[in-house]
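# Remarks on the overall topology
The chain contents come next:
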Amino acid sequence: GGVLLGGAMASKLSDNVFMFFFASHIPATIFVDLQVVLPKKFFPAFARRSFDFYIDTFKDPLLTSRPLWFKSLIMAEVVFQLPFFFVALYAFRTRANWIRVPSIVYAAHACTQMV
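One structure accompanies this document, and this report is about it. This is a predicted model, so every value here is computed, not measured.

### Topic: the side chain of Asp 33
Position of Asp 33 among the secondary structure elements: in the loop between helix H1 (2-31) and helix H2 (45-58). Beyond its immediate stretch of four places on either side in the chain, Asp 33 contacts Ala 28, Ile 74 and Glu 77.

Set out below in structure tokens:
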């Protein structure tokens, strides 16, 4: 009995970790990553200040030069990954088994994007 309970608890913990991951990536994508491809006027002041602080502090060469290939990676994130974050959040919240294959596809996309 204890082993099964431990497995169920571990499964619930991993679901919560995945939910945190996807939930945290929604505002990061909207308020940070989108600033690479859209004009600053579309973002609230706190997001613009945070973005500018990061660039000023860390001198990130991709965010300062914004090459076309980097912008296309950001657009792929917005078009494919951002909608998936919502779907995955729902699926892990409801403990839906159908999310397994889409999660593998997402992971492959995310891992190979910068290779």
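There is more to say, and it comes next.
### Focus on the pattern of salt bridges
With the rule as written, the count across this model stands at 2 salt bridges. Residue Asp 15 pairs with Arg 95 through a salt bridge whose shortest N-O separation is 2.8 Å. One end of the pair, Asp 15, is in helix H1; the other, Arg 95, is in the loop between helix H4 (68-94) and helix H5 (100-112), with 80 residues separating them in the sequence. Residue classification places Arg 95 among the partly exposed positions, given a relative accessible area of 39%.

Rules behind the numbers
- Numbers given for residues are sequential positions, taken from 1 along each chain in its written order.
- Per-residue local features are limited, in this predicted model, to residues with pLDDT of at least 70; the limit for side-chain atom pairs, both in listing and counting, is 80 or more; totals at the level of whole chains, interfaces and linings are taken over all residues.
- With hydrogens and water stripped out, all remaining heavy atoms of the structure feed into the side-chain values.
- Counting from the N terminus, the helices are the DSSP runs of H or I reaching at least four residues and the strands are the DSSP runs of E reaching at least two.
- A contact between two residues is defined here by any heavy atoms of the two lying within 4.5 Å.
- Salt bridge, as applied in this entry: a Lys or Arg side-chain nitrogen positioned within 4 Å of an Asp or Glu carboxyl oxygen.
- Summary of the burial criterion: residues with accessible area below 20% of their type's maximum are buried, those above 50% are exposed, and those between are partly exposed, where the area comes from a 1.4 Å probe applied to protein chains only.

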